[in-house]
Amino acid sequence: MDERILQYLANELNNDEKLKFEDELSRSTNLKKEFDKYASLNSKFINNKKIAIDDSYFNGIVPEFRKRLEVKKKSKKIFAFSFANSLAAIIVFYLVLSPGNTTSLAEAVKNWTENDFKNAIEYAEPKLSVFSISNDNDYSTLDSLVSSMLSDELNLTSNIAALQVIDNSIDYKNLDALVGDSEADEIYNKILNKKYF
Amino acid sequence: MSIAEEDQILIEEFKDGNESSFNRLILKYQQKIYWHARRMTGNHFDADEVVQEVLMVLYKNLKKFEMRSSLYTWIYKITSTRSLNFINRRKIKESFLTDDDNSMYVTNENSITNKIEAKEKLEKLDNVLQQLPAKQREIFILRNFEEMSYEEISEITGTSTGGLKANYFHAYKKVLELMDEDNDG
């Protein structure tokens with residue numbers, strides 16, 4: 001096939017090329033025959049592109065998007081919050097239990113049962129308001145927080161590493177100072193009755 | 001006011017926390033996104049899924065968008081990438097389906113038009129386009145349907161303009177020949 005046929009139909013020949021092609025077309029029966037065939041198919045194709053559509057689908061795109069966005073936001077919040085709770089509970093327990101302990105956090109919690117973690121979370125939950133996201137739209141912060149927690153959590157081998165996981169602005173080293181005496185006693189009593197390690 | 005200026009205002013408003021500006025951007029571009037996804041994927045359900053994916057990506061990344069390229073080009077780039085990813089995922093999924101599953105998948109086809117003639121045209125077009133390799137289809141759609149320049153297509157696809165022209169005319173010829181085969185059948 002002469003390549004210029006499609007270029008002509010697509011209007012991609014310049015003026016000189018166009019005139020030259022039209023001239024050849026008027027003098028060559030074979031070229032004219034081939035051109036007519038593709039011109040007819042092109043018309044059919046163009047006709048097929050014209051489709052009358054029903055707009056009702058498009059009216060539903062924004063509501064559907066907003067619905068999905070809401071679900072995504074909620075699930076992200078729940079995930080981030082529960083993950084932060086679990087992690088913070090572990091850290092809180094570790095620090096309250098043994099401030100001078102040289103044992104790594106991973107080592108300390110490796111024998112914990114599911115119930116032990118549950119208890120740790122129950123204890124820490126009221127103290128975790130620092131993890132709630134104040135601005136609903138600030139998902140970039142939430143994303144980076146969760147990402148860093150996820151990656152770092154896998155390598156929690158020391159007290160320092162554990163502290164770096166969440167937020168350097170939170171003074172976990174002195175967290176025991178934030179826990180009142182009665183609360184500390186209550187924690188110790190609870191811990192003494194359980195075999196965590 | 002130009003389209004780019006109008007987009008910029010809506011983006012700035014969205015960056016300042018105005019959610020309705022994002023809705024306005026969706027309303028402005030949703031048809032373009034849908035039709036590009038539809039022509040790429042070849043059916044309504046898949047296109048609908050791609051549309052929602054694209055909107056989610058836009059929502060997440062629009063605040064970082066710096067207007068170095070036009071929003072229009074950026075949206076097409078996201079839609080193209082998402083469509084190609086979707087097609088790849090679908091191929092993998094289809095390879096695990098039995099013949100019965102496959103036939104169910106096809107007969108569940110829906111459309112965005114109730115008119116028989118329009119449905120037939122749409123189906124024919126979907127079938128013809130689906131016979132092009134995905135990357136060639138992308139180029140053909142952007143040039144023929146969206147009437148983009150080769151420079152714009154190059155920006156979206158990352159292919160050189162020389163390569164694009166050759167690919168486009170190869171696809172164009174194939175599409176017209178498939179229209180012919182369809183006529184014979």
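Residues numbered from 1 in each chain as written. Chains lettered and ligands numbered in written order. Predicted model: local features only at pLDDT ≥ 70, side-chain atom pairs only at ≥ 80, totals over all residues. Heavy atoms only, no water.

1. Considerations on the overall build of chain B
For the record, the criterion: For helices the rule is a DSSP run of H or I covering at least 4 residues; for strands it is a run of E covering at least 2, with both sets numbered from the N terminus onward. Burial classes follow relative accessibility: with a 1.4 Å probe on protein chains only, a residue under 20% of its type's maximum area counts as buried, one over 50% as exposed, and anything between as partly exposed. Two residues qualify as a contact provided that any one of their heavy atoms is within 4.5 Å of a heavy atom in the partner residue. Exposure was quantified through the Shrake-Rupley algorithm and a 1.4 Å probe, taking into account, for residues, occlusion by the shown protein chains and nothing else.
The helix and strand inventory of chain B stands at 9 helices and 0 strands. Each helix and strand of chain B, placed in order from N terminus to C terminus, yields the pattern α-α-α-α-α-α-α-α-α. Per-residue burial for chain B yields a buried fraction of 46% across its 185 residues. Long-range contacts, defined as pairs at least 24 residues apart, comprise 66% of the intrachain contacts of chain B with a sequence gap of at least 6. Summed over its atoms, the accessible surface of chain B is roughly 9400 Å², and 48% of this surface lies on carbon and sulfur atoms.

2. So, the overall build of chain A
Looking only at helices and strands, chain A has 11 helices and 0 strands in total. In sequence order, the secondary structure elements of chain A are arranged as α-α-α-α-α-α-α-α-α-α-α. Across chain A, contacts joining residues at least 24 apart in sequence account for 68% of those joining residues at least 6 apart. Here chain A displays about 12000 Å² of accessible surface, and carbon together with sulfur accounts for 51% of that area.

3. Regarding the confidence of the model for chain B
Here is the rule we go by: pLDDT is a residue-level measure of predictor confidence that goes from 0 to 100.
Confidence in the prediction for chain B averages 89 pLDDT; 90% of positions are at 70 or higher. Two summary scores accompany this predicted model of the complex, namely pTM at 0.67 and ipTM at 0.85.

4. Here's the deal with the interface of chain B and chain A
Quick reminder of the rule: Two parts placed together each lose some accessible area; with a 1.4 Å probe, that loss summed over both constitutes the buried area. Should a side-chain nitrogen of Lys or Arg be within 4 Å of a carboxyl oxygen of Asp or Glu, the pair is scored as a salt bridge. We define a polar contact as two N or O atoms separated by no more than 3.5 Å, with the added condition that, inside protein, one atom must be a possible hydrogen donor and the other a possible acceptor, whereas residues neighbouring each other in sequence contribute only through side-chain atom pairs.
In this complex, chain B contributes 43 residues to the contact, which on the side of chain A involves 34 residues. For the pairing of chain B and chain A, the buried interface totals around 3800 Å² over both sides, and the portion due to carbon and sulfur atoms is 62%. Counting across the interface, chain B meets chain A through 3 salt bridges. Salt-bridge contacts for Arg66 of chain A lead to Glu19 of chain B; the nearest nitrogen and oxygen are separated by 2.4 Å. Summed over the shared surface of chain B and chain A, the number is 18 residue pairs in polar contact (both at pLDDT 80 or more).

5. Looking at the packing of helix α3 (residues 29-49) of chain A against helix α6 (residues 116-130) of chain B
Rule in force here: Inter-axis angles, ranging from 0 to 180 degrees, are taken between N-to-C directions of lines fitted to C-alpha atoms, where helices are fitted over the stretch in contact. Oblique is the label for any angle not covered by the other classes, which are roughly parallel (under 35 degrees), roughly antiparallel (over 145) and roughly perpendicular (65 to 115). Handedness of a crossing is defined here by the sense of rotation of the near helix relative to the far one, left-handed for an anticlockwise turn of less than a right angle and right-handed for a clockwise turn.
Put simply, α3 of chain A and α6 of chain B touch, their axes get as near as 9 Å, and they point 120° apart. Here α6 of chain B runs oblique to α3 of chain A, going by the angle between their axes. As α3 of chain A runs across α6 of chain B, the sense of the crossing is left-handed. Contacts from Lys44, Phe45, Asn47, Asn48 and Lys49 of chain A in α3 of chain A reach Lys121, Lys124 and Leu125 of chain B in α6 of chain B.

6. Some words on the side chain of Asp7 of chain B
Residues and elements named next belong to chain B. Along the chain, Asp7 falls in helix α1 (residues 3-15). Side-chain polar atoms of Asp7 contact the side chain of Lys28, separated by 2.5 Å. Every residue in contact with Asp7, bar those within four places of it in the chain, is listed here: Leu25, Lys28, Tyr29 and Leu71.

7. Details of helix α2 (residues 19-41) of chain B
Which entries qualify depends on this criterion: Axes are fitted to the seven residues ending at a residue and to the seven starting at it; the angle between these axes is taken as the bend at that residue.
Residue Tyr29 of chain B marks the point of greatest curvature in α2 of chain B, where the axis turns by about 50°. Gly42 of chain B sits one or two positions beyond α2 of chain B and adopts a positive phi of about 90°.

8. What about the packing of helix α3 (residues 44-61) of chain B against helix α4 (residues 71-95) of chain B?
All names here are of chain B. Where α3 contacts α4, the two axes come as close as 9 Å, and the packing angle between them is 130°. Compared by their axis directions, α3 and α4 come out oblique. Handedness of the α3/α4 crossing: right-handed. Across the interface between the two elements, Asp46, Glu49, Val50, Glu53, Val54, Val57, Leu58 and Asn61 from α3 touch Trp74, Ile75, Ile78, Thr79, Arg82, Ser83, Phe86, Arg89 and Arg90 from α4.

9. Some points on α6 of chain B
Residue and element names in this part refer to chain B. Stated precisely, the cut-off is as follows: Any helix carries an expected span of 1.5 Å times its number of residues minus one. When we speak of the arc, we mean the arc of directions from the helix axis to the C-beta atoms.
Taking 1.5 Å as the rise per residue, α6 with 15 residues should run 21 Å; its terminal C-alpha atoms sit 21 Å apart, in good agreement. For α6, the set of buried residues is Ala118, Lys121, Leu122, Leu125, Asp126, Val128 and Leu129. The buried residues of α6 occupy one face: seen down the axis, they fall within an arc of 165°. Facing away from the buried side of α6 by more than 90 degrees, the exposed set consists of Ile116, Glu120 and Glu123.

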